[in-house]
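What follows is the residue order along each chain.
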Amino acid sequence: MYAAATDPGRVRAQNQDRLYADGSVFIVADGMGGHAGGNVAAEVAVSETVASLKAGHEPEEAIQTANRSILERAAIDVALEGMGTTLTMALMDLEDAQADLFNVGDSRAYLLREGRLTQLTNDHTYVQELVDAGSITHEQASTHRARHVLTRVVGVALDVEPDHFRVPLQLGDVLLLCSDGLINEVTNAEIAQVLGSKLPQEAVDTLVRMANNHGGSDNITVVVVRLGDPDREPVLLAQEGQRLAEAPQVVPQTERSLKTNRIPSPLPANMTERSAISRPLIRATLFVFLLVLFAGVVVLAIDIYAQHSYFVAAFGDRVAIYQGRPGGVLWFNPHVVDLTNIRLSQLAEGVRSQIQHRITEGSLTQAKQFVRNATQQFHSTTIAFGGIG
Ligand code: MN
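This report concerns the structure included in the present document. Predicted, not measured: the structure shown is a model, and the values here were computed from it.

## So, the pattern of salt bridges
Here is step 1: Under the definition given, this model contains eight salt bridges.
Here is step 2: A salt bridge links Asp 218 to Arg 12; the nearest nitrogen and oxygen atoms lie 3.0 Å apart. Placement of Asp 218 in the loop between α7 (200-213) and β11 (220-226) and of Arg 12 in the loop between β1 (2-7) and β2 (17-21) is noted, with a sequence separation of 206 residues between them.
Here is step 3: Among the ionic pairs, Asp 317 bridges to Arg 343, the shortest N-O distance being 3.1 Å. A residue pair is termed long-range when its members are at least 10 positions apart, and Asp 317 in the loop between β12 (310-315) and β13 (318-323) and Arg 343 in strand β14 (residues 335-343) qualify at 26 residues.

## Thoughts on the sheet that holds β13
Here is step 1: Spatial strand order, β14-β13-β12-β15: four strands in an open sheet with antiparallel pairing. Since the sheet does not close on itself, it has two edges, and those belong to β14 and β15 (361-362), each with one partner.
Here is step 2: The pairing of β13 with β14 spans five bridges and is antiparallel. Looking at β14, one finds that Ala 320 is bridged to Leu 339.

## Looking at the environment of Val 160
Here is step 1: By the element assignment, Val 160 lies in the loop between α4 (138-143) and β9 (163-168).
Here is step 2: Note on Val 160: relative accessible area 2%, which makes it buried.
Here is step 3: Separated by 100 residues in the primary sequence, Val 160 and Glu 60 place their C-alpha atoms 9.1 Å from one another.

## Quick notes on the environment of Ser 142
Here is step 1: Residue placement: Ser 142 occurs in helix α4.
Here is step 2: Assessed through its relative accessible area of 48%, Ser 142 is described here as partly exposed.

## Observations concerning the packing of aromatic side chains
Here is step 1: This model, assessed by the stated rule, comprises two aromatic pairs.
Here is step 2: Both rings, one in Tyr 2 and one in Phe 26, keep their centres 5.1 Å apart while their planes meet at 75°; by these two values the pair is edge-to-face. Of this pair, Tyr 2 sits in strand β1 while Phe 26 sits in strand β3 (residues 25-32); the two residues are 24 residues apart in sequence, bridging distant segments of the chain.
Here is step 3: Residue classification places Tyr 2 among the partly exposed positions, given a relative accessible area of 37%.
Here is step 4: Owing to a relative accessible area of 0%, Phe 26 belongs among the buried residues under this scheme.
Here is step 5: Residues Phe 311 and Tyr 322 carry aromatic rings whose centres are separated by 5.1 Å and whose planes lie at 5° to one another, so their mutual orientation is stacked. Taken together, the positions of Phe 311 in strand β12 and Tyr 322 in strand β13 put the pair eleven residues apart, joining distant regions of the chain. Here Phe 311 matches Tyr 322 in class, with each residue buried.

## As for the sheet that holds strand β10 (residues 174-178)
Here is step 1: Strands sit in the order β1-β11-β10-β7-β8 across an open sheet of five strands; the sheet is antiparallel. Of all the strands in the sheet, the pair left with one neighbour each is β1 and β8 (116-119). The sheet shows a mean angle of 15° between the axes of neighbouring strands, direction not considered.
Here is step 2: Bridge analysis of strand β7 (residues 108-113) against β8 gives four bridges, and the strand direction is antiparallel. Looking at β8, one finds that Tyr 110 is bridged to Gln 119.
Here is step 3: Packing of α7 onto the sheet brings it into contact with β1, β10 and β11, and relative to β11 it is tilted by some 155°.

## Things to note about the side chain of Asp 123
Here is step 1: Turning to its location among the elements, Asp 123 is positioned in the loop between β8 and α3 (126-132).
Here is step 2: Judged by its relative accessible area of 7%, Asp 123 falls in the buried class.
Here is step 3: At a separation of 2.6 Å, a polar atom in the side chain of Asp 123 contacts the side chain of Arg 108.

## Digging into unusual backbone geometry
Here is step 1: Unlike most non-glycine residues, Ala 97 shows phi in positive territory, near 50°.
Here is step 2: Relative to the assigned elements, Ala 97 resides in the loop between β5 (87-93) and β6 (98-104).
Here is step 3: Given the relative accessible area of 31%, Ala 97 is considered partly exposed.
Here is step 4: One non-glycine residue, Glu 114, lies in the positive phi region at around 50°.
Here is step 5: Relative to the elements of secondary structure, Glu 114 occurs in the loop between β7 and β8.

The rules behind these values
- Residues numbered from 1 in each chain as written.
- Predicted model: local features only at pLDDT ≥ 70, side-chain atom pairs only at ≥ 80, totals over all residues.
- Heavy atoms only, no water.
- Salt bridge = Lys/Arg side-chain N within 4 Å of Asp/Glu carboxyl O.
- Helix = DSSP H or I, 4+ residues; strand = E, 2+ residues; numbered from the N terminus.
- Pairing = 2+ DSSP bridges.
- Buried < 20%, exposed > 50% of the residue type's maximum accessible area, 1.4 Å probe, protein only.
- Phe/Tyr/Trp six-rings, centres within 6.5 Å; stacked < 30°, edge-to-face > 60°.
- Axes fitted to C-alpha atoms, helices over the stretch in contact; angles between N-to-C directions.
- Contact = heavy atoms within 4.5 Å.
- Polar contact = N/O pair within 3.5 Å; in protein donor to acceptor, adjacent residues only side chain to side chain.

Structure below.
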């Protein structure tokens, strides 16, 4: 069961996407280059590939034939010079329950299995190479100014090297082929939700409508193939908030080639370095860390200053030794560490005045010494009084 649609979108004057779907061969081509070039390149790519397949040629050979045909057309018409196209093709082999995928460029194939959406193809773009090299992140790639620069295109160089993936299939699998006009407007989560809950025709219509509602800035092409009993209703598989696989889980059968069909123009260094983003972050983190460290040292110093000094003062009418500073330091309030039985009224006038004015700061030893002296005066006074009495 399958459905397919292509739509110009809401911004582009014409649709340079082409598609083909016949139940066993499915192709999406996204043409580019000039006013007419993109149309011609995509058109020729699809028609020549299909014709070559039907003539019994191997898929890689069919794509080579299409590649040459586009070059030949460009050679005889100056207006078409430099035209090219992406090409994503799925050949379904339902007897062996597998699909052969071929890809050149940045149109994509996805597989939805048990609610999980997996991207099967690798983009042949300059930013994808930067991501693979670890130079930029997936997030940076999606907004990178060179994200549309392709490193492999059909119809630009004498040879084209498509990626080839073989994907084992099972009942309930949903295969999606699409151009970047869908990917740039609709999230993976939204795609998984639609593919998991709707039959192919409704899924295709919904995805095209969503891409248009989100801006429709490019041509939109969607092909949905569902493997299963056509009488059975689709089970709602995609769940809200489910983690979607970012990396393809299917191992490519051919190694990705570094050979490029189009040399991308050099990019400003600040756009190609991951560190351009992370360096200010590291600086900010270090600054906050040093600030906290400094604050900690200040607090510790105040603490030592406040807690390691003592003074003698009145507690009610009794003499007490306080830890801290008279009046307190910031949030460190002085507190009594030794409450004596000596009453202020029993002390000599000079000593009492000193205590009342809290002018007796120092160490604990000094504070105790002061109290001892005051006590001795108190005793001598008593004796003196006793002497008189
Ligand atoms: Mn496009």
